[in-house]
Amino acid sequence: MSLGEYEKHWKSVVSQSVCDYFFEAQEKAADVENVPPVISTPHHYLISIYRDKLFFVSVIQTEVPPLFVIEFLHRVADTFQDYFGECSEAAIKDNVVIVYELLEEMLDNGFPLATESNILKELIKPPTILRSVVNSITGSSNVGDTLPTGQLSNIPWRRAGVKYTNNEAYFDVVEEIDAIIDKSGSTVFAEIQGVIDACIKLSGMPDLSLSFMNPRLLDDVSFHPCIRFKRWESERVLSFIPPDGNFRLISYRVSSQNLVAIPVYVKHSISFKENSSCGRFDITIGPKQNMGKTIEAITVTVHMPKVVLNMNLTPTQGSYTFDPVTKVLTWDVGKITPQKLPSLKGLVNLQSGAPKPEENPSLNIQFKIQQLAISGLKVNRLDMYGEKYKPFKGVKYVTKAGKFQVRT
Amino acid sequence: MQRFLQLPGAAVRPGGREADQEAASPVLAPEGGAPPWYQALQPEELRWLQAPEEDTTPEESLEGPCPEPGQGQSQSQPLRHDDLKAMLDTNKDSLKLEAMKRIVAMIARGKNASDLFPAVVKNVACKNIEVKKLVYVYLVRYAEEQQDLALLSISTFQRGLKDPNQLIRASALRVLSSIRVPIIVPIMMLAIKEAASDMSPYVRKTAAHAIPKLYSLDSDQKDQLIEVIEKLLADKTTLVAGSVVMAFEEVCPERIDLIHKNYRKLCNLLIDVEEWGQVVIISMLTRYARTQFLSPTQNESLLEENSEKAFYGSEEDEAKGPGSEEAASTALPTRKPYVMDPDHRLLLRNTKPLLQSRSAAVVMAVAQLYFHLAPKAEVGVIAKALVRLLRSHSEVQYVVLQNVATMSIKRRVSTGPRPALVVQQGMFEPYLKSFYIRSTDPTQIKILKLEVLTNLANETNIPTVLREFQTYIRSMDKDFVAATIQAIGRCATNIGRVRDTCLNGLVQLLSNRDELVVAESVVVIKKLLQMQPAQHGEIIKHLAKLTDNIQVPMARASILWLIGEYCEHVPRIAPDVLRKMAKSFTAEEDIVKLQVINLAAKLYLTNSKQTKLLTQYVLSLAKYDQNYDIRDRARFTRQLIVPSEQGGALSRHAKKLFLAPKPAPVLESSFKDRDHFQLGSLSHLLNAKATGYQELPDWPEEAPDPSVRNVEVPEWTKCSNREKRKEKEKPFYSDSEGESGPTESADSDPESESESESKSSSESGSGESSSESDNEDQEEDEEKGRSSESEQSEEEGKKKKMKKRKKVPEGQEGGSSSDEGSDSSSSSSESEMTSETEEEQVEPASWRKKTPPSSKSAPAAKEVSLLDLEDFTPPSVQPVSPPTVVSTSLAADLEGLTLTDSPLVPSLLSPVSGAGRQELLHRVAGEGLAVDYTFSRQPFSGDPHMVSVHIHFSNSSDTPIKGLHVGTPKLPPGISIQEFPEIESLAPGESTTVVMGINFCDSTQAANFQLCTQTRQFYVSIQPPVGELMAPVFLSENEFKKEQAKLTGMNEITEKLTLPDTCRSDHIVVQKVTATANLGRVPCGTSDEYRFAGRTLTSGSLVLLTLDARPTGAAQLTVNSEKMVIGTMLVKDVVQALTQ
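Residues numbered from 1 in each chain as written. Chains lettered and ligands numbered in written order. Predicted model: local features only at pLDDT ≥ 70, side-chain atom pairs only at ≥ 80, totals over all residues. Heavy atoms only, no water.

## Digging into the overall build of chain B
Move 1: Counting its regular elements, chain B contains 49 helices and 18 strands.
Move 2: Burial status across chain B gives 60% buried among its 1140 residues.
Move 3: Within chain B, counting contacts between residues at least 6 apart in sequence, those at least 24 apart form 69% of the total.
Move 4: Element-wise, carbon and sulfur atoms account for 54% of the exposed surface of chain B, whose accessible area totals about 45,200 Å². (Helix = DSSP H or I, 4+ residues; strand = E, 2+ residues; numbered from the N terminus. Buried < 20%, exposed > 50% of the residue type's maximum accessible area, 1.4 Å probe, protein only. Contact = heavy atoms within 4.5 Å. Areas by Shrake-Rupley, 256 points an atom, 1.4 Å probe, with all protein chains shown as cover.)

And the structure:
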């Protein structure tokens, strides 16, 4: 594996040696996640984010709100993701010139310039195989030569002249249950976090309004800049001219006074014997308040204590893996069938001589329930103004486990 | 205050395990081939000199497309450069592009490509735009090193500055200003000045960006640059606002006077500025407000205020100029009653919606603004938004938690030896559980959350918090466990009630297997014992036994200190411990040795018979220790305690010296006092002043003159020259921006809405304190100038709230008095209006062509109006006077919108109270037909599932209205309407009432329908408060209890509330509940309990409401209903009604 490291300078050039402070901090932190996002060095400040196994580091000379930089770096990563389909080392390496051109457009003298993906795409076209072939034949380039129309309008997020033969608008209502379940199975903390992701492929300048059957469920909402805030305040209707393509319309939290239905329960018995090099591991998962829907794609992840050497388990359903290096047990369960509850049983081999772990590991559970928004949120209707055609509209509901943790 | 990302270089590095290995030796080359860019560690010049040799490493895979494989090391490099040069010299754009791409790839990897400079710079005028852009990239990177050659390119940029294409003008300016060559400063200055009055806002934005670049190159240009900034600050486009404020912050943050005239404009534009600009503007305005307004907390609590003041004063007096100017903090108060400056209010009001931004940076910026500027009672609104950010990326969490930690500690003010709770505002308390820690959180996040949890712990929630902590103690993450133990210690010191519990818990931890845990516990126990040593002899004994096992130096030292300090509680064990320690003295760590000496000295003084020899032995050992601290300490101690001929004077007091009662340590958060840094800033995060940090000034004692913010008319018409330019540029962006010209495009429609809204709010802001109706007058005039289209759409949107209009007595509409502030601002905007309309006519056709979106969507705009505004006559038919009155009500509506913090629903509901009238159609909108409605709460005769609604028509026009009936309703599924019989004619001045039934299908969705007359149709809608969706049923107490028992669990919603004094009598409680919801009272045995029951109209589900009110005012409201949504909303409404 070759190691990649790329730099881009705005204003005067900073010697690369500042990065050593970062590498030092990275070395010190046991875990990549524990590298402090802000590092102070004698002359500079380093602000970094870690995403998709990459570090994005920016060098700051003067006071600036750290979130400003962090937010920007994430926006950069989002843009790469958007352009290259993934934000990985390989993608950046393959497209280093585009990366450079993008960064050039996104930041001017340390101040963000164009960060909306719709605008950037007008300035610099995303790479596709077809285009590179065409370009090499015709000699045309990936770089646009007119100012993107959005840049000057009040709706910088939408590009002009959008045309589709099939006009479609899809909304995914995705709700995640964040929960902490304690040893005895009672809920310590639970809350529903939802987002509405939209995929809008509509020609022209459609003006949409989306209303809910029960908008008052939404307790705390954050909006894409395209949403008219006043309209929401007064009528609880989402009214907006959408960006073209995929974007996150809103994210919301369901008011905490509503009790959260927890769709699964876990029976567990994990024990390590004193002075012996083995332990028992037994977990069973069952459905609970599933509202008549199947719970799918269940995965259980357990970070086992360091003294665990290996695990010897038998699942009644699905398959499991245990990584002896990271000590992570992953059990891919699949669907729950209420007739036969899936369980995973077996022995744990411990390092001999080491003291038994004091704490049982907590179980992180992932699942998915299709066609259900657990909060009961329902989209009432979607109306389009401003264009004549009839768009195809679709709403999908999914409930997932968010940070769903069972303490044992 | 802040300066921005002066210099971010994005170094991208793969993480994961490979990266870790790499990171182990960042400077040494890993065997995979030395990454040559590490050579960059050397000073820049050196690297430049050595470049040819350095770049000789084998090809990296990145240069894959490069034809020649790197073979003959020292020869390949020049060869390749030659090759690139050849490619650049060809006539083929594709080859040039390929070459440039490779060069950029080299730059990206930190390789030196500077010797290609001459070959590259030749291509600066290349036709191919991509080549050109890449050349720009190259130029900006190396121009500083090759200044002479860089000059060759200047003329190209100068030509570019005149290009008709705004993108090319802008990018020429960008590159020109980024070339850091001092010789061209005058050219840059000229270019910036020119661009600052360019007609394209995009170019002006670029000019704003260029200002700090030039300033950092040559600070002598400051005065001229300030002029440009001043000019750009007056720019009215949102595109420019953020960039110019950034330039302002970087070049002349001290010139706060430049902001005065633009303050209101910036506040009003804020919501439409892009996110990055919002952050900059908000933090600048925070500083501005601190210098211009009075503290809103002034009169709240003098005691607290003073302590705070003193704290600020001491920090800032010595630190900064601006602070000390106003910091007459010693002057004690004879204060006038505080009235918030309307401009201060304007800022708070206009930033609040941004709490719902998707950008964490914006949310944080608003949060810090509220924290620093808002009255205490209003700061709470930020909590919810900040808690939301905790769901974001871990870096965001990290920063937010740091700030939350500071905010949550702010509420404790230390008075005296023990920290006391002075104000516990508790804005984060409801979100306590959001800070619970998951085992998967990174350690740094865990520790910050712990900090917040500790700050939030108080008498009431401490059991929960401690239970949580118990879980954490068993964590596998030992750093985190140690932090938890510290946190328990802090809880124990702060909350006396749980001190013993905590102490016992910590003592149990002493038998933990993990040494770190034990050590940490010992240290914390030591601190706790110091607070109340008397009764803890047992614990000290237990600790003494641990000296055999614990190896962690800090813990050993703590135990020794404890034994020494409280040796009279353990008279038998102490000498024994000293014996053991003397034995192992030489093997101990320094910190332990020092404590051994200490222990020896204390024992010698209290129990010299047993310990004299031991002490001497220890002191002798220490005398020859390697560490000079220890030697010093030994010598010093010996002189003190062992009486000698000369040193008698001190040794007599030795006991007092060593065994003096020591003050208990205060365990406090490391976030204490951090709030003297502006929150959200880098300095706050690092808890140290960062370069370029602008101190947040203290509030002034006396408010500076507020009239400086009044914008005068001549401001816009001062110089005819400039005005002309404006006229030239206006058509362009007024068109694309949609400043409500007659040819408004669909996309700009909403914009104009929000703009006019913000305008109206600014109006009210400026004149708020004096008289609101006056402002609305001017609003009227202003509205006249607007296109009727946009007006109507606003109107349509707000129609439901028209009833608010009642607030404004109609008689006042003709009034014409006005205060200075609103007068000038309105006239200025008026003049703006007129100039715009003129421009509209002058507008050259060519601009039209250049803005395709507007022309394309013009028909669309029409459609919007058709769909949205059916209840209005087309603009042409509309008489002139009604819209002015409409706009009055609009202004009132908007005001209500922006002023009230409470959500809309309750404000709609509260006046209903079963009999209250709601407006359905205002007489102005209805052209003389006024329609109100009430929920009569009588069963609807036709259909028991319907809510019966009384509709009152009155005709205030001078012609009879004929054929009133309900037109085709547009109803959501499930909702149905029983229309009232057609009213044939309604004579002028007459009114009538009809009954109609609406089946709302147990939801609070609005029923939209049309009211038709012979000539007109009006779209109206009735939205029922949840309380009207039910009808009372009569149950006995037993039946009630039986039904309630069936509806538990998810169907039960409980809320705690405190009843205000005004609402403690039976009568009022019952009245308020029944006014809010159509429920019947259920008889009840106990006096403190109220029960109500009803059934929803459509499905007949039971709704049971119980209110358990204690005489103290604490109350608990429970609603049981199958319809969870209805239950939830009902609880909200009833709580709202009761607590009002």
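So that's the structure; there's more coming.
## So, the overall build of chain A
Move 1: Assigned secondary structure in chain A consists of 8 helices and 21 strands.
Move 2: Across the 408 residues of chain A, 61% fall into the buried class.
Move 3: Of the accessible surface of chain A, which amounts to about 15,400 Å², a share of 50% is contributed by carbon and sulfur atoms.

## Overview of helix α15 (residues 275-292) of chain B
Move 1: A rise of 1.5 Å per residue sets the reference length of α15 of chain B, with its 18 residues, at 26 Å; its end C-alpha atoms lie 25 Å apart and thus fit the reference within 8%.
Move 2: Burial analysis of α15 of chain B places 18 of its 18 residues in the buried class, which makes it a mostly covered element. (Expected span 1.5 Å × (residues − 1).)

## Focus on the pairing of strand β8 (residues 207-212) of chain A
Residues in a regular strand project their side chains so that they alternate between the two faces of the sheet.
Residues and elements named next belong to chain A.
Move 1: With 6 of its 6 residues buried, β8 lies for the most part within the structure.
Move 2: Both faces of β8 are covered, namely the face carrying Asp207, Ser209 and Ser211 and the face carrying Leu208, Leu210 and Phe212.
Move 3: Pairing of β8 with strand β20 (residues 379-385) involves 6 bridges; the strand directions are antiparallel. Residue pairing for β20: serine 209 is matched across the bridge by aspartate 383.
Move 4: The sheet contact formed by β8 and strand β10 (residues 237-240) spans 4 bridges and is antiparallel. Bridge assignment links leucine 208 to a residue of β10, and that residue is phenylalanine 240. (Pairing = 2+ DSSP bridges.)

## What to know about the pattern of salt bridges
Move 1: Summed over all chains, the structure comprises 43 salt bridges over all chains.
Move 2: The partner of lysine 213 of chain B in a salt bridge is aspartate 108 of chain A, and the shortest N-O contact between them spans 2.9 Å. Linking lysine 213 of chain B in helix α10 (residues 201-217) with aspartate 108 of chain A in strand β4 (residues 107-108), this pair reaches from one chain into another.
Move 3: Classification of aspartate 108 of chain A as buried rests on a relative accessible area of 2%. (Salt bridge = Lys/Arg side-chain N within 4 Å of Asp/Glu carboxyl O.)

## Some details on the confidence of the model for chain A
Move 1: Residues of chain A with pLDDT of at least 70 account for 88%, and the chain-wide mean is 81.
Move 2: Taken element by element, chain A is modelled with least confidence in helix α6 (residues 129-138) of chain A, mean pLDDT 57, and with most confidence in β10 of chain A, mean pLDDT 90. (pLDDT = per-residue confidence, 0-100.)

## Quick notes on the sheet that holds β10 of chain A
Strand pairing in a sheet relies on backbone hydrogen bonds, with the paired strands running either antiparallel or parallel.
All names here are of chain A.
Move 1: Read from one edge to the other, the open sheet built from 3 strands follows the order β10-β8-β20, with strand pairing classed as antiparallel. The sheet terminates laterally at β10 and β20, the two strands that pair on one side only. Neighbour-to-neighbour, the strand axes of this sheet turn through a mean angle of 15°, independent of strand direction. (Axes fitted to C-alpha atoms, helices over the stretch in contact; angles between N-to-C directions.)

## Thoughts on the packing of aromatic side chains
Move 1: Inspection of the entire model under this criterion finds 24 aromatic pairs over all chains.
Move 2: Ring geometry for phenylalanine 223 of chain A against phenylalanine 229 of chain A: centres 6.1 Å apart, planes inclined by 70°, an arrangement best described as edge-to-face.
Move 3: Judged by its relative accessible area of 6%, phenylalanine 223 of chain A falls in the buried class.
Move 4: On the basis of relative accessible area, phenylalanine 229 of chain A is assigned to the buried category, the value being 15%.
Move 5: Measuring from ring centre to ring centre gives 5.0 Å for tyrosine 138 of chain B and tyrosine 142 of chain B, while their planes differ by 50°; the resulting arrangement is tilted. Note that tyrosine 138 of chain B and tyrosine 142 of chain B are positioned in helix α6 (residues 129-142) at a spacing of 4 residues, about one turn of the helix.
Move 6: Overall, tyrosine 142 of chain B belongs to the buried group, its relative accessible area being 0%. (Phe/Tyr/Trp six-rings, centres within 6.5 Å; stacked < 30°, edge-to-face > 60°.)

## Focus: the pairing of strand β21 (residues 392-406) of chain A
Residue and element names in this part refer to chain A.
Move 1: Pairing geometry for strand β6 (residues 168-181) and β21, over 13 bridges, is parallel. Looking at the pairing, isoleucine 180 lines up with glutamine 405 of β21.
Move 2: Sheet topology places strand β19 (residues 363-370) next to β21; 5 bridges connect them, and they run antiparallel. Each residue of the ladder has a partner; that of glutamine 370, found in β21, is valine 398.

## Looking at the side chain of asparagine 955 of chain B
Residue and element names in this part refer to chain B.
Move 1: When you line up the elements, asparagine 955 lands in strand β6 (residues 947-955).
Move 2: Under the relative-accessibility criterion, asparagine 955 is labelled buried at 2%.
Move 3: From its side chain, asparagine 955 meets the backbone oxygen of leucine 986 in a polar contact 2.9 Å long.
Move 4: Setting aside its immediate chain neighbours within four residues, asparagine 955 contacts Gly928, Pro960, Ile961, Leu986, Ala987, Pro988, Gly989 and Glu990. (Polar contact = N/O pair within 3.5 Å; in protein donor to acceptor, adjacent residues only side chain to side chain.)

## Observations regarding the packing of helix α22 (residues 394-409) of chain B against helix α23 (residues 443-456) of chain B
Residue and element names in this part refer to chain B.
Move 1: Packing of α22 against α23 brings their axes to within 9 Å, and their N-to-C directions diverge by 20°. With respect to their mutual orientation, α22 and α23 come out roughly parallel. In this structure, α22 meets α23 at a crossing whose hand is left-handed. Listed contacts from α23 to Ser394, Gln397, Tyr398, Leu401, Gln402, Val404, Ala405, Ser408 and Ile409 of α22 are Gln444, Ile445, Leu448, Lys449, Glu451, Val452, Asn455 and Leu456. (Parallel < 35°, antiparallel > 145°, perpendicular 65-115°, else oblique. Left-handed = near helix turned anticlockwise from the far one by under 90°.)

## Section: the sheet that holds strand β11 (residues 1007-1012) of chain B
All names here are of chain B.
Move 1: Strands sit in the order β9-β7-β11-β12 across an open sheet of 4 strands; the sheet is antiparallel. Of all the strands in the sheet, just β9 (983-986) and β12 (1017-1022) have a single pairing partner and so form its edges. The mean inter-strand angle of the sheet, taken between neighbouring strand axes irrespective of direction, is 30°.
Move 2: The sheet contact formed by strand β7 (residues 961-966) and β9 spans 3 bridges and is antiparallel.

## Structural notes on the environment of leucine 294 of chain B
Move 1: By secondary structure assignment, the location of leucine 294 of chain B is in the loop between α15 and α16 (302-319).
Move 2: Considered as a pair, leucine 294 of chain B and valine 339 of chain B are 45 residues apart in the sequence and their alpha carbons are 8.7 Å apart.

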